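Geometric and topological summary
Listed below are the residues making up each chain.
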Amino acid sequence: MAQAGVLLTKEPAPQSVPVSELPMKVYEVALNTGPDSSCGLATAGFRTAKYLPEEWHQNNYTRYHEAFADRDHSERCRQESQSLAAYTAELAQRTQEDSTTKVGERLQDIHFWKSELQKEIEDLAAETGLLAAQKLRLERALDATDVPYTIATDNLQCRERRQPPDLVRDQVEAELLKEAELIRNVQELLKRTCKQALNQMQLNRDHKQICEMDWSDKLETYNIDEKCGRYNNQSTNIQFHPSSSKFEDSASSPETWAKYSHDNIYRAERERLASINLRALIDNILHDTAEDLRMQCDVVNEAFAKRCEEMEDAKHKLEHHLRKTLKEIGDQEYNIAALKQAIKDKETPLKVAQTRLYDRSFRPNVELCRDAAQFRSGSVWVALPKGRV
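The following refers to the structure shown. Computed from a prediction, not measured in an experiment: that's the story for all the values here. (Residues numbered from 1 in each chain as written. Predicted model: local features only at pLDDT ≥ 70, side-chain atom pairs only at ≥ 80, totals over all residues. Heavy atoms only, no water.)

1. Points about the nonpolar core
Residues Leu131, Leu138, Leu190, Ala197, Leu278, Ile282 and Leu286 are the most contacted members of the largest nonpolar core, which totals 14 residues. Those elements giving two or more residues to this core turn out to be α1 (53-144), α3 (171-229) and α4 (254-345). Beyond its immediate sequence surroundings of up to four residues, Leu138 is in contact with Leu190, Thr193, Cys194, Ile282 and Leu286. The next biggest cluster of nonpolar side chains, apart from the first, holds nine residues, and it includes Ile110, Trp113, Ile265 and Ala268. (Core = buried A, V, L, I, M, F, W, Y, C linked by side-chain atoms within 4.5 Å. Buried < 20%, exposed > 50% of the residue type's maximum accessible area, 1.4 Å probe, protein only. Helix = DSSP H or I, 4+ residues; strand = E, 2+ residues; numbered from the N terminus. Contact = heavy atoms within 4.5 Å.)

2. Re the pattern of salt bridges
Where charged atoms from two side chains of opposite charge approach closely, those side chains can pair. The full count for this structure, using the stated rule, is 24 salt bridges. A salt bridge links Lys102 to Glu105, with the nearest nitrogen and oxygen atoms 4.0 Å apart. One end of the pair is Lys102 and the other is Glu105, both in helix α1 and three residues apart, which spans about a single turn. Residue classification places Lys102 among the partly exposed residues on the basis of a relative accessible area of 47%. The partner of Lys208 in a salt bridge is Glu212, with the nearest N and O atoms 2.5 Å apart. (Salt bridge = Lys/Arg side-chain N within 4 Å of Asp/Glu carboxyl O.)

3. Examining a nonpolar patch on the surface
A cluster of nonpolar side chains, Leu322, Leu326 and Ile329, forms an exposed patch at the surface whose accessible area comes to about 280 Å². Here Leu322 shows up in helix α4. (Patch = residues over 30% accessible without salt bridge, like charges linked within 9 Å, V, L, I, M, F, W, Y side chains within 5 Å. Areas by Shrake-Rupley, 256 points an atom, 1.4 Å probe, with all protein chains shown as cover.)

Now the structure itself:
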C-alpha cells in the first residue's frame, strides 16, 4: 500500500495473497481380484463408466478444496476491496481538503493582485486629474500671453508712426522686439507642453483601462474561486463534467499569470511617475516663463521711462532754444526796421553829396579840378550806397 503522505496520480493495483498449493491426498485404489470380483464377461456391462467409492471420495475432496480456495480468494479480494475503498475515500477526502486549501491560497493571491491593481487604478485616476488641472493652467497661461503680445506689437506699430527725425531704433524698440520674441517663444513652449500633457493623459487613461480590465478579470475569477471553495460533498449544485479536467491550450501558468499583473502595474507606475515629473516640469515652466516675462516687462518699462526722460529733456531744451530763437527773431525784426529807418535817414545826405558832385561837374576848363572837396564829396557818394540795405 502507498504511504499516506504521497499523492497518487493513478489508482494503485489491488494487493493479493498468493494461493498456496495444498498437498494432494493420494488414495490407493484397491483392486477387485477376489473370488467375488466381477471380471467375467457376464458382468462387463455393469462395470463400464462407473467410479469406485474411493474415486467418488477423491472427487468430493477435490471439490471441497476448490471451494475452500475460492472462498479464501474471495475473502482476500473482499478485504482488499474494503481496504482500497477506505484508502480511496481517505485519499479523495485528503485531496479535496488540499484542493480547498489551494483554492484558498489562490484566493489570497488574487485578492493581493486585485488590491494592487485597484490601488494603481485609483492612483492613476487621481494623477490624471492633477495633470488635467496642470493642463488647464497651461491653457490659461497661454491665453494670458495674448494681451502682452498685443501690447508689444501695438507699441511697435505706434512707434512706426514717429516722424523721421524721431524714427530711431532706440533701446525701447530693441526691448519691445525682444519682448515680442520672448512671448512667441513662451507661447510655443506652452503649446508643446500642453500637447505633451495631453499625450501623457492619454497614456495614463490607456494603462488605467488595461489595469481595469485586469482588475475586472480578477474580480470575476475571485468570485468563481470563492464559489468553488465553498463546494463540498453536501453541496446540492454539483454535477459531473467529464471534460473539465482538460487544460486549455491558452491557459497560463502561475508564473505568467503573476508576471502579467506585475507588468501591468509596473507600466502603470512608470506612466504615473512620468506624469508626476511632467507636472513638476509644468510648474517650473509656468514659474520660469512668468518670471522671464515679468523681468522683460520691467526692462521694457525701464527703457520707456528712460526714453521718456530723454524725450522730456530734449523737449525742454528745444523749448528753451525755441524761446531764445523767437526772441532773437523779434530782436532781428526790430533791428531790420531800425536799419530801414537809418537807410531812409541817409537819403538826404546822399542827395546833397550827389547834387554837389553833379553841380561841380559843370566847372569850366581848368577849374574842373580834382580837389579835396571833390574827393570828399565823392567818398560820401561812394560810401553811402554801400550802407543801403
